[in-house]
Amino acid sequence: MASINRVILVGNLGKDPEIRHTEGGVPVARFSVATSETYKDKTGNKVDRTEWHNIVAWRGLAEVAEKYMKKGQSVYIEGKIRTNNYQDKEGIQRSSIEIVADNMTMLSRGDGSSSNQNAQGNNSQESNANAGSSQTAKPAMSATYENEPDDLPF
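Small disclaimer: the values here were computed from a predicted structure and weren't measured.

Caption draft 1: A look at the environment of Ile77. Turning to its location among the elements, Ile77 is positioned in strand E5 (residues 74–87). The buried category is assigned to Ile77, whose relative accessible area is 0%. Separated by 68 residues in the primary sequence, Ile77 and Leu9 place their C-alpha atoms 5.1 Å from one another. Excluding anything up to four places from it in sequence, Ile77 contacts Val7, Ile8, Leu9, Phe31, Ile55, Ile99, Ala101, Asn103 and Met104.

Here's what the structure looks like:
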């Protein structure tokens, strides 16, 4: 049976991307994105809940993140969930969950104004054969559809 590992997030950057390079010179960016939801609890009180997501972007996406993305900016991320198991300095077994981005769209600049920057890429750490492949930027679709009729049946 086939399976799907796909994540879509729309949120705000919690910090500026941190850029590093592997021993082979491949750029990798790490940053966090916050998503929030508001709901009412059993007593009718408003509750705000924020989830923090660790994002990893490779190659061209890492370069886009380094150049254009800043803390507070609204961003759309597509990718896959990856769990990493490791041993900390005290020898305790730990795990972390991260989103490996393969599509990013900057929805706003850090100052809150809108932007249409979109980037896609092949970010698989394992596929070194694609390390030299170019990452293309293409225009993103606007979130508002000005010419769409208001009486759509769905």
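Caption draft 2: Just the pattern of salt bridges, in detail. All told, the structure shown has seven salt bridges when counted by the stated rule. The partner of Asp102 in a salt bridge is Arg6, with the nearest N and O atoms 3.0 Å apart. You can see Asp102 sitting in strand E6 (residues 93–108) and its partner Arg6 sitting in the segment before strand E1 (7–13), a full 96 residues away along the chain. With relative accessibility at 25%, the residue Asp102 sits in the partly exposed group.

Caption draft 3: Region of interest: the pairing of strand E4 (residues 46–58). Strand direction decides the pairing type here: strand E3 (residues 27–40) and E4, joined by 13 bridges, are antiparallel. Paired with Thr35 across the strands is Glu51, a residue of E4. Hairpin connection between E3 and E4: a loop of five residues separates the two successive antiparallel strands, and Gly44 in this loop has a positive phi of roughly 90 degrees. The sheet contact formed by E4 and E6 spans two bridges and is parallel. Note on E6: the bridge partner recorded for Val56 is Val100.

Cut-offs and rules
Residues numbered from 1 in each chain as written. Predicted model: local features only at pLDDT ≥ 70, side-chain atom pairs only at ≥ 80, totals over all residues. Heavy atoms only, no water. Helix = DSSP H or I, 4+ residues; strand = E, 2+ residues; numbered from the N terminus. Buried < 20%, exposed > 50% of the residue type's maximum accessible area, 1.4 Å probe, protein only. Contact = heavy atoms within 4.5 Å. Salt bridge = Lys/Arg side-chain N within 4 Å of Asp/Glu carboxyl O. Pairing = 2+ DSSP bridges.

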